[in-house]
Amino acid sequence: MDQSKLLAITTTILICWVIFIIAWERISPYRKGLPFFREGFWVDLVWYTIIQSYFLKILIFDYIIAPLQHHFDWSGFQFIKSWSVTEQVLFFLVTHDLYIYLFHRLQHANKVLWRTHEAHHSGKEVDFLAGSRSHIVEIIINQTIEFAPIVILGANPMVIPIKALLDAMFGMFIHANIDVKLGKLKYFLNSPELHLWHHANYREVFHANFSTKFSLWDHFFGTAYDPGHKPGDKRENWGLYYDYPKDYFLQHAFSVKRFDEQKFLRYRWFSWYYNSRPRMVGWLSSKWKLFRKLNPVTEKLEYKTPDDLPREPIELKPIQEDYIFYDK
Ligand SMILES: [Zn+2]
Ligand SMILES: [Zn+2]
């Protein structure tokens, strides 16, 4: 099969999967009343899913993997070529999933690596799109380790789009706000039942439920947390236990240096930039009735100056210069 035909098929499957998951979230929600245009929806869609993915794909494949392939002449070891495409996909699926389990676990155990992962945990409202929120460094490391062996070991070119499709499908599924019980299969396959707990703001799960596709790893290594009830519907039950920036660029800056995002609102230029997104959403709502109907949370998007800010009912720990990290 040629690559363009395969790409058309994988794209069609992905679009159908998105529609299916969105419908499933509406029919059987894990947390009831979670809006479709939830907090951070536009940042996750525009910045993380579209812009970041586009540029990182070029960087990883053209500027990291291609030179690596050129450097390592492993043509003599290309044993994988004799396998069928299904065998190749399965091989890379399982080995990469074990790697991602171990690396994810390390990110929760190491203060420096945590800085590359906290963005993923920052959402207070988790849905199918929430999994896309990943720090640039995290994506570069994980996708290079995922795709470089496929290229260097000389796998069938079909393996990359198939694997990328499975990544996207699983990523959406495990983060989806759906109430699903897999029965006995939950000991093998990962699901929102386990992964949504990983996004909950509890000490018990900070070092638990690291699996992505196969929950098998968590059960095997004794890191599964499955209490049989849900984390709760309140904001404080989810995400990080400290304040985290809402803006894409500030989220990355925050991984290097801690600061209070709201303090920057005193600067006019920053306030202008920071409010440009809600302004745009507001403008779209005023011009376009359907958008207003689809995006009823628009009013909440207006960020104010620090003095006008309504205090959140939850008490978040103050930002400190030092590492912010759960005790192990
Ligand atoms: Zn995590
Ligand atoms: Zn996640």
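See the structure above.
S.K.: Honestly, the overall build of the chain in this entry has me stumped. Any pointers?
M.R.: Counting its secondary structure elements, the chain contains 13 helices and zero strands. In the chain, the order of α-helices and β-strands from amino to carboxyl end is α-α-α-α-α-α-α-α-α-α-α-α-α. A burial count over the chain gives 45% of its 328 residues as buried. In the chain, once contacts between residues fewer than 6 apart in sequence are set aside, the share between residues at least 24 apart is 73%. Put simply, the chain shows about 17,800 Å² of open surface, and 65% of that area lies on carbon and sulfur atoms.

S.K.: Is there a simple way to think about the coordination of the zinc ion (ligand 2) in this case?
M.R.: By definition of the ideal shapes, four donors in a tetrahedron about a metal sit 109.5 degrees apart, and six donors in an octahedron sit 90 or 180 degrees apart. With distances of 2.0 to 2.1 Å, the protein atoms coordinating the zinc ion (ligand 2) are His120 (NE2), His175 (NE2), His195 (NE2) and His199 (NE2). The coordination sphere of the zinc ion (ligand 2) comprises four donor atoms, whose angles at the metal cover 93 to 154°; the geometry is irregular. Donor residues binding the zinc ion (ligand 2) come from one chain and are separated in sequence as H-x54-H-x19-H-x3-H.

S.K.: Would you explain the coordination of the zinc ion (ligand 1) in this entry?
M.R.: Bound to the zinc ion (ligand 1) on the protein side are His104 (NE2), His108 (NE2), His117 (NE2), His121 (NE2) and His198 (NE2), at distances that span 2.0 to 2.1 Å. Taken in sequence order, the residues that donate to the zinc ion (ligand 1) follow the motif H-x3-H-x8-H-x3-H-x76-H. Overall, histidine 117 belongs to the buried group, its relative accessible area being 3%. Overall, the relative accessible area of 5% leaves histidine 121 in the buried class.

S.K.: Hey, could you run me through the packing of aromatic side chains in this one?
M.R.: The description of an aromatic ring pair uses the distance of the two centres, along with the angle that the planes make with each other. In the structure shown here, the tally under the stated rule is 35 aromatic pairs. Taking 5.0 Å as the distance between ring centres and 70° as the angle between the ring planes, the aromatic pair formed by tyrosine 48 and tyrosine 248 counts as edge-to-face. Placement of the pair is tyrosine 48 in helix α2 (residues 41-71) and tyrosine 248 in helix α10 (residues 248-254), with a sequence separation of 200 residues. Looking at tyrosine 248, the relative accessible area reads 7%, which means it is buried. Relative to phenylalanine 249, the ring of tyrosine 248 lies with its centre 5.1 Å away and its plane at 85°, an arrangement referred to as edge-to-face. Put simply, the rings of Tyr244, Phe254, Phe259, Phe264, Tyr267, Trp269, Phe270, Tyr273 and Tyr274 pair up and form one aromatic cluster.

S.K.: What exactly am I supposed to notice about the packing of helix α6 (residues 136-152) against helix α7 (residues 159-175) here?
M.R.: How two helices sit against one another is set out by the angle between their axes and by the gap between those axes. Across the interface, α6 lies against α7 with an axial gap of 10 Å and an inter-helix angle of 160°. As judged from the angle between their axes, α6 and α7 are roughly antiparallel. As for the relative orientation of α6 and α7, their crossing is right-handed in sense. Of α7, the residues touching α6 (which contributes Glu146, Phe147, Ile150 and Val151) are Val159, Ile160, Lys163, Ala164 and Asp167.

S.K.: Help me understand a nonpolar patch on the surface in this model?
M.R.: Taken together, the side chains of Tyr54, Phe55, Ile58, Leu59 and Tyr63 present a nonpolar region at the surface, about 550 Å² in accessible area. Mapped onto the fold, isoleucine 58 is located in helix α2.

S.K.: Explanation requested: helix α1 (residues 3-27) in the structure shown.
M.R.: Each full turn of the α-helix corresponds to 3.6 residues, which orients residues three or four apart in the same direction. Helix length check: α1, at 25 residues, gives a terminal C-alpha distance of 36 Å against a target of 36 Å (1.5 Å per residue), a fit within 8%. Looking at α1, one finds that the buried residues are Leu6, Thr10, Trp17, Ile21 and Glu25. Buried residues along α1 sit against α7.

S.K.: Would you take a moment to explain the side chain of serine 285 for this structure?
M.R.: Relative to the helices and strands, serine 285 is located in helix α12 (residues 276-287). The buried category is assigned to serine 285, whose relative accessible area is 5%. A polar side-chain atom of serine 285 sits 2.9 Å from the main-chain carbonyl oxygen of valine 281.

S.K.: Explain the pattern of salt bridges here, please?
M.R.: Oppositely charged side chains are able to pair whenever their charged atoms sit close together. Here the structure, examined in full by the defined rule, presents ten salt bridges. Salt-bridge contacts for arginine 235 lead to glutamate 39; the nearest nitrogen and oxygen are separated by 2.8 Å. Separated by 196 residues along the polypeptide, arginine 235 in the loop between α9 (216-221) and α10 and glutamate 39 in the loop between α1 and α2 bring together distant segments of the chain. With a relative accessible area of 28%, arginine 235 lands in the partly exposed category. Between arginine 258 and glutamate 118 there is a salt bridge whose closest N-O contact spans 2.8 Å. Within this pair, whereas arginine 258 is found in the loop between α10 and α11 (268-274), its partner glutamate 118 is found in helix α5 (residues 118-121), the two being separated by 140 residues in sequence.

S.K.: Please clarify how unusual backbone geometry should be interpreted in this entry.
M.R.: Across residues other than glycine, the phi torsion is negative in most instances, and most of the peptide bonds are trans. In this structure, asparagine 209 takes a positive phi of about 55° despite not being glycine. With respect to the element layout, asparagine 209 can be found in the loop between α8 (192-198) and α9.

S.K.: Can you walk me through the packing of helix α3 (residues 85-109) against α6 in this structure?
M.R.: Look at α3 against α6: their axes get within 11 Å of each other, and the N-to-C directions meet at 155°. Judged by the inter-axis angle, α3 sits roughly antiparallel to α6. As α3 packs across α6, the resulting crossing turns out to be right-handed. Together, Phe92, His96, Tyr99, Ile100, Phe103 and Gln107 of α3 and Glu138, Ile141, Asn142, Ile145, Glu146, Pro149 and Ile150 of α6 make up the contact between the two elements.

Reading the values: rules and limits
- Residues numbered from 1 in each chain as written.
- Chains lettered and ligands numbered in written order.
- Predicted model: local features only at pLDDT ≥ 70, side-chain atom pairs only at ≥ 80, totals over all residues.
- Heavy atoms only, no water.
- Helix = DSSP H or I, 4+ residues; strand = E, 2+ residues; numbered from the N terminus.
- Buried < 20%, exposed > 50% of the residue type's maximum accessible area, 1.4 Å probe, protein only.
- Contact = heavy atoms within 4.5 Å.
- Areas by Shrake-Rupley, 256 points an atom, 1.4 Å probe, with all protein chains shown as cover.
- Donors = N, O, S within 2.8 Å, 3.2 Å for Na, K, Ca; no water.
- Tetrahedral: all angles 85-135°; square planar, octahedral: opposite > 155°, others 65-115°.
- Phe/Tyr/Trp six-rings, centres within 6.5 Å; stacked < 30°, edge-to-face > 60°.
- Axes fitted to C-alpha atoms, helices over the stretch in contact; angles between N-to-C directions.
- Parallel < 35°, antiparallel > 145°, perpendicular 65-115°, else oblique.
- Left-handed = near helix turned anticlockwise from the far one by under 90°.
- Patch = residues over 30% accessible without salt bridge, like charges linked within 9 Å, V, L, I, M, F, W, Y side chains within 5 Å.
- Salt bridge = Lys/Arg side-chain N within 4 Å of Asp/Glu carboxyl O.
- Expected span 1.5 Å × (residues − 1).
- Polar contact = N/O pair within 3.5 Å; in protein donor to acceptor, adjacent residues only side chain to side chain.

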